[in-house]
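# A look at the structure
Residues per chain are reported as follows:
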Amino acid sequence: MTGLCDQLRCFLADENGATAIEYGLIAGLIAVGMIVAMTLTGTSVSSMFQFVSSRSSEQFDKINGI
């Protein structure tokens, strides 16, 4: 019976799994932060590319006399 208690105490004192879980939580939080940042900046980047595209088309038309 004492062998079982010793094994249970050893199991409860072992922190190797807790470290892996902590790293997993940190990686998850970083991923969520990246998704939020990309979502928030995505619309402004998209509008910037549309602006550059329209200005480029206008200049191309002027150069080619269209």
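Below or above, wherever it landed, is the structure these notes cover. (Residues numbered from 1 in each chain as written. Predicted model: local features only at pLDDT ≥ 70, side-chain atom pairs only at ≥ 80, totals over all residues. Heavy atoms only, no water.)

Moving on, we come to the overall build of the protein chain. The number of helices and strands found in the protein chain is two helices and zero strands. For 66 residues, the compact-globule estimate of 2.2 N^0.38 gives 11 Å, and the protein chain exceeds it by more than 25% at 28 Å. Along the first, second and third principal axes, the C-alpha atoms of the protein chain reach 95 × 15 × 10 Å. Burial status across the protein chain gives 0% buried among its 66 residues. Total accessible area on the protein chain stands at roughly 6,000 Å², and carbon and sulfur atoms take up 70% of it. (Helix = DSSP H or I, 4+ residues; strand = E, 2+ residues; numbered from the N terminus. Rg over C-alpha atoms; globule rule 2.2 N^0.38 Å. Buried < 20%, exposed > 50% of the residue type's maximum accessible area, 1.4 Å probe, protein only. Areas by Shrake-Rupley, 256 points an atom, 1.4 Å probe, with all protein chains shown as cover.)

Turning to a nonpolar patch on the surface, a few remarks are in order. Nonpolar side chains collect at one region of the surface, where Tyr23, Ile26, Ile30, Met34 and Met38 lie side by side and expose about 570 Å² of accessible area between them. Inspection of the secondary structure puts Ile26 in helix H2 (residues 16-63). Ile26 gets classed as partly exposed once you look at its relative accessible area, which sits at 48%. (Patch = residues over 30% accessible without salt bridge, like charges linked within 9 Å, V, L, I, M, F, W, Y side chains within 5 Å. Salt bridge = Lys/Arg side-chain N within 4 Å of Asp/Glu carboxyl O.)

On to the state of the cysteines, then. Taken as a whole and assessed by the stated rule, the structure comprises zero disulfides. Here Cys5 is not disulfide-linked; the sulfur of Cys10 is the nearest cysteine sulfur, at 13 Å. (Disulfide = S-S within 2.5 Å.)

Below, the discussion takes up helix H1 (residues 2-13). An ideal rise of 1.5 Å per residue puts 16 Å on twelve residues; H1 measures up with 16 Å between its terminal C-alpha atoms. Counting buried positions over the twelve residues of H1 gives zero, only a small fraction of the element. (Expected span 1.5 Å × (residues − 1).)

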